[in-house]
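Observations on the three-dimensional arrangement
Chain by chain, the residues run as shown.
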Amino acid sequence: MLLTGASRGIGHATVKVFQAAGWRILTVSRQPFSEECRWPEARDSHLQADLENPQDVASLVDVVRNRLPDGKLHALVNNAGISPKGPGGSRLGVLDSDHDLWTSVFNVNLFSTALLARGLFRELKLAQASVVNVTSIVGSRVHPFAGAAYACSKAALAALTREMAHEFGPHGVRVNAIAPGEIDTSILSPGTEKIVEEQIPMKRLGEATEVAQTILFLCSGQSSYINGAEIHINGGQHV
């Protein structure tokens, strides 16, 4: 499987869950290999690429293709995402976001997903694979911390998931999304505890492992008739 955005949080947890299930994993992030990723073959399986740069994405496709021993990619998990903040971690609305910021966010959060799936479609088809896109609860509602560009990119990624499910399904490739809410990672913003208390029926943060286990389910035969879905992982925050 190929996992983008593997350097922290949900990405790290996903690596651990898939590795425990016996998967061979290729990880991608903007950062070089981290010594914190202490799982077998981690260093050799890490690929450094900047998904904001379309040329890096094209090069990544070639590298991944050459790393697949049988020409098959059984899962593609598009977890990479950026959410720029203003001074002091403030939310960036439309009035605060220039063209370069919008382009940067959409290149990473949306366009790289489409380009990777397009570039590796043959390998996905050969494996009758599963693609999982990581959207967000902010793609369907205004959030106090997530900026306008980030929210719009996640809404667009949900639409892209539907388009890919429709287009790839006849070829045996399933495409689904997960939409996490407030997950206990290092990127939580101050004030999240108020959201937990007032908006989440389960009254707690989600764990990154809970998200990773849902990704594994969508990449397994247990979800063989699920295609084009967006699964909410938010403790009921969306209701």
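Just so we're clear, the structure is a prediction, and the values are computed from it rather than from any experiment.

**Quick look at the sheet that holds strand β2 (residues 26-29)**
If you trace the 7 strands from one edge of the open sheet to the other, you get β3-β2-β1-β4-β5-β6-β7, paired in parallel fashion. Two strands bound the open sheet, and with one partner strand each, they are β3 (46-48) and β7 (230-233). Ignoring strand direction, the axes of neighbouring strands in this sheet form an average angle of 15°. Bridging between β2 and β3 involves 3 bridges; their strand directions are parallel.

**A closer look at the pattern of salt bridges**
Throughout the structure, instances matching the rule amount to 4 salt bridges. Where R65 meets E123, a salt bridge forms, and the shortest distance between an N and an O atom there is 3.0 Å. In this pair, R65 is assigned in helix α3 (residues 54-67) and E123 in helix α5 (residues 121-127), connecting sequence segments 58 residues apart. Judged by its relative accessible area of 28%, R65 is partly exposed. E123 sits in the buried class, given a relative accessible area of 3%. Within this structure, D62, R65, R122 and E123 form a network of salt bridges that share partners.

Conventions we followed
Residues numbered from 1 in each chain as written. Predicted model: local features only at pLDDT ≥ 70, side-chain atom pairs only at ≥ 80, totals over all residues. Heavy atoms only, no water. Pairing = 2+ DSSP bridges. Helix = DSSP H or I, 4+ residues; strand = E, 2+ residues; numbered from the N terminus. Axes fitted to C-alpha atoms, helices over the stretch in contact; angles between N-to-C directions. Salt bridge = Lys/Arg side-chain N within 4 Å of Asp/Glu carboxyl O. Buried < 20%, exposed > 50% of the residue type's maximum accessible area, 1.4 Å probe, protein only.

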